[in-house]
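Coordinates in review
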Amino acid sequence: MEIAEHIGALDSAGRLLAERAAGAGPDAEVPTCPGWQVRDLLRHTTMVHRWATRFVADAHTSPLPAEEPPPHVDGDELLDWFTEGHGGLVRALREASPDVECWTFMAAPSPLAFWARRQAHETTVHRLDADSPLPGAAAVPVDSRLAADGIDELLTCFHSRSKSRVRTERPRILRVRTTDTGDVWTVRLGTEPPATTRGPDESAVDCELSGSASELYAAMWNRRSVPEISGDASLARLWRENSAVSWR
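Residues numbered from 1 in each chain as written. Predicted model: local features only at pLDDT ≥ 70, side-chain atom pairs only at ≥ 80, totals over all residues. Heavy atoms only, no water.

This part takes up helix 1 (residues 3-24). Look at helix 1: 31 Å from first C-alpha to last across 22 residues, which is about the 32 Å you get at 1.5 Å a residue. Buried-residue contacts for helix 1 involve helix 2 (38-58), helix 3 (75-95), helix 4 (111-131) and helix 5 (144-157). (Helix = DSSP H or I, 4+ residues; strand = E, 2+ residues; numbered from the N terminus. Expected span 1.5 Å × (residues − 1). Contact = heavy atoms within 4.5 Å.)

If you want it as structure tokens, here you go:
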């Protein structure tokens, strides 16, 4: 996906997140994030948005601490705080020079490409969280191209890092396959961080996770169950129990 597409996805996801949060109310529990209420979801996401904005807008080349909204900000004021922070991030990304130099924490073609992609998925995943307190609301599926891109980011970027806790005592192979976009990832597990390759691979696998890109996106980010599991289901459990990642 192109930078402009990621920024567009970020824009749309943030607007829908705000709409869902307003509909649920700040006290509503967020089933996909046990222990969180909608206010926690808004506070976290606007914190990340404002933190990311500082790197892009001010071209910071070293890490910065994140700052949460003041404790007294709640209700409609918190929703406004979120909307302002989200809009500021979208503007910063759209107005940034393509060759802006700033700090990032994973490999990408450029810092701008990194932040546009990372924040598109940060916000889309939390938009799914904002859907969960509204059981009667019509679910909005994640665009299939965006969903496949988010699975790719998770497998090839987040879980290539030493922080990944998805490990096995002996070598195992997990395959992830989208049934609508035709994307395939082969994930080799062992005592080191997972090693993922894209595209067809004739290796015999121990387990395959499959489903539409939108379904698998939510499942790989632990927002729903995996649509279809074939082979050793213990690897699906291993993923569910150990794949949570930090926002930075």
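Let's shift gears to the packing of helix 2 against helix 4. Between two packed helices, the angle of one axis relative to the other and the distance separating the axes together describe the packing. Packing of helix 2 against helix 4 leaves a shortest axis separation of 11 Å and a crossing angle of 170°. Between helix 2 and helix 4, the crossing angle belongs to the class labelled roughly antiparallel. Contact with helix 2, carried on its side by Leu41, His44, Thr45, Val48, His49, Trp51, Ala52, Phe55 and Val56, involves Leu112, Trp115, Gln119, Glu122, Thr123, His126, Asp129 and Ala130 of helix 4 and no other residues of that element. When the residues that make up the contact of helix 2 with helix 4 are grouped by side-chain class, the tally is nine nonpolar, six polar and two charged. (Axes fitted to C-alpha atoms, helices over the stretch in contact; angles between N-to-C directions. Parallel < 35°, antiparallel > 145°, perpendicular 65-115°, else oblique. Nonpolar A, V, L, I, M, F, W, Y, C, P; charged D, E, K, R; others polar.)

On to unusual backbone geometry. With glycine set apart, most residues show a phi of negative sign, and most peptide bonds adopt trans. Not every positive phi belongs to a glycine, and alanine 59 is a case in point at roughly 55°. Structurally, the position occupied by alanine 59 is in the loop between helix 2 and helix 3. Unlike most non-glycine residues, asparagine 222 shows phi in positive territory, near 60°. With respect to the element layout, asparagine 222 can be found in the loop between helix 6 (213-220) and strand 5 (228-231).

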